[in-house]
Structure formats: structure tokens, C-alpha cells
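Understanding the architecture of this molecule
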Amino acid sequence: MRIFKFGGASVKDADGVRNLVRVLKEVGYEDTFVVISAMGKTTNAMEAVVAAYFEDKRRISIVLQEVLDFHQHILLELFENRNHPIFEKVQLLFDEVKGFLAWNKSPKYAFVYDQVVGYGELISTTIVSAYLDEVGLVNQWHDVRELIKTDNSYRDAHVNWERTQNEVQAKVDLSKLNITQGFLGSDDNNFTTTLGREGSDYTAAILGYCLNARSVTIWKDVPGVLNADPRNFEKTQLLEQISYREAIELAFYGASVIHPKTLQPLQRKEIPLHVKSFVNPLDKGTTVGLGKGISPLVPCFIVKKNQVLLKLSTLDFSFIVEDNISEIFKLFHDYRLKVDLIQNSAISFSVCLDNKFGGLQTILQELEKKFKVICHEDVALYTIRHFDDAAVSSLQNGKSVLVEQRGRETVQLVVK
């Protein structure tokens, strides 16, 4: 069994769906499990539906209709028969969203988010599965929520590995072409959970682990893993080979091409991960597996934007010691602020945070009770693996460096 994962960019329109078929025909689709994300920017659009639910319910139908129109346009391009059952299937999925928003009583944003946003994946896979059947690639569609079981940590669920393994092995026919959704799971009450943004890569790894796959391939609009994101850096270079350890380091620091949790289950069973181009599927791309470091050995640049830098110092000039740090990190945990960099001295403590769950303002009120707090919002955290002086200088040019931290192989800069 091979696991293929196609992201939103690969199925952003009808041509993208047709290209997915081309990729499968070129590289083979026997004994293959295909994981597919929501189409294009659908996840963002479904997030707008959730926002309307909490902020202005009158806008729900307008925003949801825009999402439906987007998918209807793709359907009309893919299916000549306007009476094809796929049109009704997609409409029923949108009706389910409307139904949930009508009867839901929970005031919890994270719960509502997971029940609504996950429909992007359900819709995309329903369309792709029907189109594959239409062109002769007979397949088995799976609701991944029946396969991947999690706890109820909505928006960032943790996998119940034993239950998931049992469900996958019981329900997946390895002799068929299988299609399912990325990003999603379900809890003990069968409510939808999500695995975190960009969690479709993780889904592919989970299925690869449970099925003892011979490989997992992530299909991208880039030729493989590059030493920098071409959206942020002008000159980039393809990394042909990366060890599990090096890839986990890059993912930890925020390399966007691989989800941070994706590599761990693959490494445990030594399943190779390929990152390849859906534009040129026969090109070699990048392989992540056993080995040392990266090839070629070049500086790797990673940037995280919209970060928050907090500088804390004690009000009485006493040392910041273990009990202070323990209290600070408990607050980070409670308010779901992800720590990306730490630097401390005797009486000060600096930390760069990701405020994706919006807990910053509340935690500032707590911290200011015991510490002097300087807060820099909208900073960028740059990380360079295997740095050299030229690489560091290229980032410092014209920027205000608020924090710099160096190790043997890694340098990090917080800049404004």
C-alpha cells in the first residue's frame, strides 16, 4: 500500500482534479490510498462561515452560498450530465452544515469550528471520488472520521492510536484504490475533530503507520522540499535527501512543506516520505528517510510571521528561577500559546510566541500582575539551519533584530 496526499492547491479547480487523474495514471494507482484536502481556499471560506455564526448570523447563508457556488462551478466543468448523482450528494453535504448551525447549542468556538470546517474535505473527496469513477478509476470512498479516532481536543485533537489502528485495518480493503479526507477525525461521541491546520499530511502519516505502507507521498506545487519558501525568499534550492532527524528539526522550526507531527509515525516504522511535484510527477523530488543530515548541505531558511515577542522581568529585580518559569509556562499552556523561542538571563525572560488561538490579551493581564512586560506584536521569527555568515547577514540587512540566539547548527532571529 502507498499513501498519496494531495493538498488544496492540487484540487483548486476542475483542471486540478483532472491533473490528479493524470498523476495517478502516470505513477500508478494500484494498492493506493489517496488523502485529499479541501479544494483551494475552502478551509478559509468555511472559517468565514464559523465567524458569521458567532458574529452575524444573517451572513451565514450568504457566505455558505459562496462556498456552494465555488464547488458547483467545478462540478459543472467536470460532469456533463447535469443529473449526475454527485450534484445531489454535494447539496446534501451543504444541507448538513446548515442543519448543524440551526440546531447547535454549544457556545464553544473550537467545537463549532470542527463540525463546520471539516465539510471542506468531505465535499472535495466526494467530488474527486465521483470523478475518478466517471473516468474509469473505480475507488472506495471512506469517511476518515470512521477511521481516525481522537480525544475531544477540538482544533488540535490527539490520536487514539490503538483504536485508529483497529478501525483502519478492519475497514480498508488494501486491494482497492481508496479515497479519504485529510485533517479530520472523530471523538468518542462521534463528533468531528480536526488535527490542526495543515493536518492532512499528518492524516497520510497516520494511515501509512496503521497500514504499514511502503511509502507516503505528499504532492505539492513545488518540486520537493526546498531550502526556503519561494514565497518569502528569492533564491531556493531543492533538497534531494533529508534524514528523519533533520526533517523533524526543520518541521519543528516551522518549515511549511512538512507538518510537524507527520514525521514521527513514519520514523517509527521507517516508512520513507516523498515530497513530489504534481506538475511533474515523474521527477524525483525529495525523499525523507534513514540517513545523515541533508543533501546538498546548504543553509535552510524558515520564517514565521505574525509572532509575538514577550520580554518579562521581575518587578523587584529578583532572579527569574524555576518557580517563575514554571508559572509562566503553565499560563502559556492554559491559554494555548505556542512557544517558538526562549531566551533568559538572571532577571529577564524573553519568549517568542504563536498566538493562533487568541489568548494573548488575557495572558498579558495575568503576567502584568507579577512581571514587568514588554510586548512586541507582529514580529517575524527567522530560523537558519546549517547557517553561515552570509546567510545571517542576508536576514539582518535593513531589519531591527530584537533577539538573536545561536547554536552549533541553528541561528534564530526575532526581527521587526
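Each remark here, short or long, concerns the structure printed above.
In what follows, the accompanying structure is described. (Residues numbered from 1 in each chain as written. Predicted model: local features only at pLDDT ≥ 70, side-chain atom pairs only at ≥ 80, totals over all residues. Heavy atoms only, no water.)

Take the overall build of the chain next. Summing up its helical and strand segments, the chain has 13 helices and 17 strands in all. Radius of gyration (C-alpha) of the chain: 23 Å, near the 22 Å computed for a compact globule of 416 residues. Principal-axis analysis of the C-alpha atoms gives the chain an extent of 75 × 50 × 40 Å. Split into buried and exposed, the 416 residues of the chain put 53% on the buried side. Within the chain, contacts between residues separated by at least 24 positions form 73% of all contacts whose residues are at least 6 apart in sequence. For the chain, the distance from the average position of its 48 positive side-chain charges to the average position of its 53 negative side-chain charges is 1 Å. (Helix = DSSP H or I, 4+ residues; strand = E, 2+ residues; numbered from the N terminus. Rg over C-alpha atoms; globule rule 2.2 N^0.38 Å. Buried < 20%, exposed > 50% of the residue type's maximum accessible area, 1.4 Å probe, protein only. Contact = heavy atoms within 4.5 Å. Lys, Arg positive; Asp, Glu negative; His and termini not counted. Charge placed at Lys NZ, Arg CZ, Asp CG, Glu CD.)

Turning our attention to the pattern of salt bridges. As enumerated under the stated definition, the model contains 17 salt bridges in all. Across the salt bridge formed by Lys171 and Glu167, the nearest N and O atoms sit 2.9 Å from each other. Pair noted here: Lys171 and Glu167 are both in helix α7 (residues 161–171), with a separation of four residues, about one helical turn. (Salt bridge = Lys/Arg side-chain N within 4 Å of Asp/Glu carboxyl O.)

Here we have nine strands laid out as an open sheet, ordered β3-β4-β2-β1-β7-β9-β10-β8-β11, and mixed in their pairing. In this open sheet, the two strands that pair with only one neighbour each are β3 (139–141) and β11 (294–295). Judged from the five bridges that link them, strand β7 (residues 215–220) and strand β9 (residues 273–277) form a sheet pairing that is parallel. Each residue of the ladder has a partner; that of Ile218, found in β9, is Val275. Contacting β8 (241–243), β10 (286–289) and β11, helix α9 (residues 244–253) crosses the sheet at an angle of about 85° to β8. (Pairing = 2+ DSSP bridges. Axes fitted to C-alpha atoms, helices over the stretch in contact; angles between N-to-C directions.)

Spatial ordering of the open sheet is given by β13-β14-β12-β15-β17-β16, a layout of six strands whose pairing is antiparallel. Both edges of this open sheet fall to β13 (338–344) and β16 (401–406), since each of them pairs with a single strand only. Going from strand to strand, the sheet's axes swing by 30° on average, the running direction of each strand aside. Of the strand pairs in this sheet, strand β15 (residues 371–385) and strand β17 (residues 410–415) are connected by six bridges, and their pairing is antiparallel. Bridge pairing links Leu381 to Val414 in β17.

A few words now on the pairing of β10. Both faces of β10 are covered, namely the face carrying Thr286 and Val288 and the face carrying Thr287 and Gly289. Across three bridges, the pairing between β8 and β10 is parallel. Its bridge partner being in β10, Ser243 is matched across the sheet by Gly289. Pairing geometry for β9 and β10, over three bridges, is antiparallel. Looking across to β10, one finds that Val275 is bridged to Thr286.

A word on empty space enclosed by the protein. Scanning the entire structure with this criterion turns up one cavity of 30 Å³ or more. A volume near 30 Å³ is recorded for the largest cavity. As for the largest cavity, its lining consists of Phe252, Tyr253, Lys304, Lys338, Val339, Asp340, Leu381 and Gln412. Put simply, the parts of the chain that give the lining of the largest cavity at least two residues each are α9 and β13. For the lining of the largest cavity, the leading source of residues is β13, giving three residues. A class-by-class count of the residues in the lining of the largest cavity yields four nonpolar, one polar and three charged. (1 Å grid on protein atoms, 1.4 Å probe; cavity = no way out; pocket = protein on both sides within 12 Å on 5 of 7 lines; lining within 4 Å. Points joined across faces, edges and corners; volume = space filled by probe spheres on them. Nonpolar A, V, L, I, M, F, W, Y, C, P; charged D, E, K, R; others polar.)

The analysis is restricted to geometry; functional conclusions fall outside its scope.
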